[in-house]
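Letter by letter, the chains look like this.
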Amino acid sequence: MASWWFCLISVVLGLGVAVPGYFIEENPLEVEVSTSYVIVRWTREGDWDNVTSFMVTLEEDEIICNETVNCDAIECEFNSNENVNCKELTPCTAIIITVGGSGVNSSIDIITAPAPKGAVKTKIIDTSLVVLWTETSDEPHKECQNTTEVMVTFARTGTVTKSTSSQVDRVLFPLNECDLGAGEVFVTSLGGSGSSEPRKSNFTFEDSALVTPIIGSLELNATCDSIEASWELIDWCPYLAWFRVTLKPSESVTTTPDYNSTSTTFEGLDAGTNYEVCVQPVDSSSDDLAVSICSNIRTKIPAVEDLQLEAINHTAVQVSWSPSDCNMSEPQRYEVEVVTCNNFTNETCTGATFVNSTTELNYTQTGLEPYTQYHVSVVSIYASDSSYQADDYVITLPMAPYDLEAFLQDASTIYVSWNYLDELSENQTYGISWKLEESDVIYSGNTTFKEYVIQGYNGTGSTLLCVTVTLDAATSIPECNEFRLYYLEDDFGLILGLMLGIPLIILAIGLALARVFKVTLADVFPGV
């Protein structure tokens, strides 16, 4: 009876209720609002417990949808988008939704969502993902828009959501190297009583030098049979679990206990072999994260170390070395080979060869030629018949004096010095001679020292100097060089003269011009 009274009052008051009956005080309707459709849900309980037929009405300025919904389930649903008799709703429009069954009605007022975005695009700039979009040109269809929601799904980080005001047309998301791979973007307009259909765009994030890597600075240290790898953890992401370290070509693989462990060691390797070590960040499922970092190294050979070559005179060289620090047995012997470098064939010396064996850590080779280059190699020979070589070059000293130098001590004095491998024997002297440029006169002198002072020099060009050592009555070996000598004091006087003379000349010219043009000091400096 009460429902009929309500209809009567409604008609009298002009309320225009479409479905007869009374209204439920506590609204049981749940509405999902989009741009062009609504989804209405309700529960068959209370006054609707035994109702299986419902009338759903959508009303704007007029009734735009009036459909019967048959439902015997506990949860009932009506989707205007799936009903061919319902008109498509207009964005940002007020709608009255009424659901009635067996004389019991429930009504709710909603505003449809704003229009969806136009085009959505993505760009990766430096270290950021930039999401851009356009809005509809129909102003009434976006006047109810409050915010824009941007949802990005990265390859590893998962979904990240940002909201921005309706006046903004782009947002930035920072990139992490963990997120290498494909991702997608959804941009939705929020407003009215709901949200528009999302607009989607895809992107692919590839490795970029601008993005901070997870790991860097891979350092390798090798012995004869092991390689130690260490690296730096530069960045971090929540999915990083540990590191997978691979050694090639042996294809040995090891993993660290966790991401805080940034070093590992491979042992039992072959000496003198090239290896590549790669470090790959992985997640808890052992899937690769970001990019790996690789580096190459060669294991040491158990050859001698600190090989030192020294020419002790013009016919002998001394060779010394240290044993290898590799974890191996001591070599049975060392084989020393000295080859004369008369010429090179494929970067190898060819000439007279001297080969000797020793168990010591040094060796002296005599009987060599003066001032000649030699290739010296020391071969470590082990009990397993394996051998490893270290080598270098040395030049024997000349028989003549060497390192001849000369300079002016003053304008008329030349200081000459040289070196020689042996001390002079009794009654031996160094003979020194010199000749000025464009002169046929040769001056000479003698000394037992490795230096000589020439007095009374007055040359201006080059000077040819020779130092001769007499080994015996029939053998004299000279060392000559041509020097162009200048005394610094002469240059200094010239420079000082220019520094003082040029300003004085300029001053004199200025005074002469001032007299010609009748310029006074007051004209240049007013008030003086």
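Fair warning: this is a prediction, and the values are worked out from it, not measured in the lab. Throughout, residues of each chain are indexed from 1 in the direction in which the sequence is written. Under the rules for a predicted model, residues below a pLDDT of 70 receive no local features and side-chain atom pairs below 80 are neither given nor counted, while totals for whole chains, interfaces and linings still include all residues. To obtain the side-chain values, all non-hydrogen atoms of the structure were included, while hydrogens and water were left out.

### Observations regarding the overall build of the chain
- Along the backbone of the chain there are three helices and 39 strands.
- The 528 residues of the chain split such that 38% are buried.
- For the chain, the proportion of contacts with a sequence separation of at least 24, taken over those separated by at least 6, is 57%.
- Using a 1.4 Å probe, the Shrake-Rupley method yields the accessible areas, and only the shown protein chains count as cover for residues. Carbon and sulfur atoms provide 50% of the accessible area of the chain, an area that totals close to 29,900 Å². Comment: elements are numbered from the N terminus, with helices defined as DSSP H or I runs of at least four residues and strands as E runs of at least two. Exposure is judged per residue with a 1.4 Å probe applied to protein chains only, and the accessible area is read against the type maximum: over 50% gives exposed, under 20% gives buried, and values in between give partly exposed. Residue contacts follow a heavy-atom distance rule, with two residues in contact if any of their heavy atoms lie within 4.5 Å.

### Re the state of the cysteines
- By definition, disulfides here are pairs of cysteine sulfur atoms that lie within 2.5 Å. One pass over the structure, following the stated rule, counts six disulfides.
- The disulfide partner of Cys 65 is Cys 86, and the gap between their sulfur atoms is 1.7 Å. Of the two residues, Cys 65 is situated in strand β5 (residues 63-70) and Cys 86 in the loop between β6 (75-79) and β7 (94-101); the sequence distance between them amounts to 21 residues.
- A residue is classified by how much of its surface remains accessible, and Cys 86, at 11% relative accessible area, is buried.

### A closer look at the side chain of Thr 35
- Along the chain, Thr 35 turns up in the loop between β2 (30-33) and β3 (38-43).
- Distance and chemistry together define a polar contact, namely a pair of N or O atoms within 3.5 Å, with one atom able to donate a hydrogen and the other to accept it when in protein, and with adjacent residues in sequence counting only for side-chain atoms on both sides. Separated by 2.7 Å, the side chain of Thr 35 and the backbone oxygen of Pro 114 make a polar contact.
- In terms of polar contacts, Thr 35 uses its side chain to reach the side chain of Glu 197, at 3.4 Å.
- Setting aside residues no more than four positions away along its own chain, Thr 35 makes contact with Leu 89, Thr 90, Pro 91, Thr 112, Ala 113, Pro 114, Ala 115, Pro 116, Ser 195, Ser 196 and Glu 197.

### Section: the sheet that holds strand β37 (residues 451-455)
- Two strands are counted as paired when DSSP detects at least two bridges linking them. Pairing is antiparallel across the open sheet formed by three strands, whose spatial order is β33-β34-β37. Two strands in the sheet have a free side with no partner beyond their single neighbour: β33 (402-410) and β37. Along the sheet, successive strands turn relative to each other by an average axial angle of 20°, direction set aside.
- Pairing analysis gives five bridges linking strand β34 (residues 413-419) to β37, with the strands arranged antiparallel. Within β37, the residue paired with Thr 413 across the bridge is Gln 455. Note on geometry: axes are C-alpha line fits, over the in-contact stretch for helices, and angles between N-to-C directions span 0 to 180 degrees.

### Examining the packing of aromatic side chains
- Aromatic rings from Phe, Tyr and Trp, with only the six-membered ring used for Trp, were paired whenever their centres fell within 6.5 Å, and each pair was classed as stacked if the ring planes differed by under 30 degrees, edge-to-face if by over 60, and tilted otherwise. Applying the stated criterion across every chain yields a total of 12 aromatic pairs.
- On the basis of an interplanar angle of 65° and a centroid distance of 5.4 Å, the ring pair of Trp 321 and Tyr 334 is categorised as edge-to-face. With Trp 321 in strand β25 (residues 317-322) and Tyr 334 in strand β26 (residues 333-340), this residue pair connects regions lying 13 residues apart in the sequence. No difference in accessibility class separates Trp 321 from Tyr 334, as the two residues are buried.
- For the pair Trp 434 and Tyr 443, a centre-to-centre distance of 5.8 Å together with 15° between the ring planes defines the contact as stacked.
- On the basis of relative accessible area, Trp 434 is assigned to the buried category, the value being 10%.
- By way of ring pairs, the aromatic residues Trp 42, Trp 48 and Phe 54 are connected into one cluster.
- A ring is considered to have a charge above it if a Lys NZ or an Arg CZ atom is located within 6 Å of its centre and within 35 degrees of its normal. The side chain of Lys 162 reaches across the aromatic face of Phe 173, ending 4.8 Å from its centre.

### Overview of the environment of Gly 367
- Looking at where Gly 367 falls in the secondary structure, it is placed in the loop between β30 (362-365) and β31 (373-381).
- Residues Gly 367 and Thr 315, spaced 52 residues apart in sequence, show a C-alpha to C-alpha distance of 5.4 Å.
- Excluding anything up to four places from it in sequence, Gly 367 contacts Thr 315 and Phe 354.

### Thoughts on the environment of Tyr 443
- Among the secondary structure elements, Tyr 443 is positioned in strand β36 (residues 442-447).
- Given the relative accessible area of 37%, Tyr 443 is considered partly exposed.
- As for Tyr 443 and Ile 432, which are separated by 11 residues in sequence, their C-alpha atoms are 8.4 Å apart.
- Discounting chain neighbours no more than four positions away, the residues touching Tyr 443 are Ile 432, Ser 433 and Trp 434.

### What to know about the pattern of salt bridges
- The salt bridge definition used is simple: a Lys or Arg side-chain nitrogen within 4 Å of an Asp or Glu carboxyl oxygen. Across all of its chains, the model carries eight salt bridges by this definition.
- The partner of Arg 41 in a salt bridge is Glu 77, with the nearest N and O atoms 2.9 Å apart. Here Arg 41 is found in strand β3, whereas its partner Glu 77 is found in strand β6, with 36 residues between them in sequence.
- Taking the relative accessible area as the measure of exposure, Arg 41 reaches 28% and is therefore partly exposed.
- Here Glu 62 and Lys 87 are joined by a salt bridge, their closest N and O atoms 3.3 Å apart. Placement of the pair is Glu 62 in the loop between β4 (53-59) and β5 and Lys 87 in the loop between β6 and β7, with a sequence separation of 25 residues.
- On the accessibility criterion, Glu 62 (46% relative accessible area) is partly exposed.

### Thoughts on the side chain of Thr 188
- Positionally, Thr 188 belongs in strand β14 (residues 181-191).
- Among the residues examined, Thr 188 registers a relative accessible area of 8% and is labelled buried.
- With residues up to four places along the chain from it excluded, the contact list for Thr 188 reads Lys 117, Thr 147, Thr 148, Glu 149, Ser 195, Ser 196 and Pro 198.

### Quick word on a negative patch on the surface
- A surface patch of like charges, here negative, comprises Glu 30, Glu 45, Asp 49 and Glu 75.
- Judged by its relative accessible area of 52%, Glu 75 is exposed. Here a patch means residues that are over 30% exposed by relative accessible area and free of salt bridges, tied together within 9 Å if like-charged and within 5 Å if nonpolar (Val, Leu, Ile, Met, Phe, Trp, Tyr). Residues counted as positive are Lys and Arg, residues counted as negative are Asp and Glu, and His and the chain ends are not counted. For the purpose of locating charges, the reference atoms are NZ of Lys, CZ of Arg, CG of Asp and CD of Glu.

### With respect to the sheet that holds strand β18 (residues 226-233)
- Across the sheet, which stays open at both edges, the three strands sit in the order β17-β18-β21 with antiparallel pairing between neighbours. Two strands in the sheet have a free side with no partner beyond their single neighbour: β17 (215-222) and β21 (263-267). Going across the sheet, the axis of each strand differs from the next one's by a mean of 15°, ignoring polarity.
- Bridge count between β17 and β18: six bridges; the pairing is antiparallel. Bridged to Ala 222 within β18 is Ile 227.

### Description of the pairing of strand β19 (residues 242-248)
- Sheet analysis places β19 next to strand β22 (residues 274-282), joined by seven bridges and oriented antiparallel. Its bridge partner lying in β22, Lys 248 is registered against Glu 276.
- Joining the antiparallel neighbours β19 and strand β20 (residues 252-255) is a turn of three residues, in which Glu 251 adopts a positive phi near 60°.

Everything listed here is a matter of coordinates, which is why it stays silent on function.
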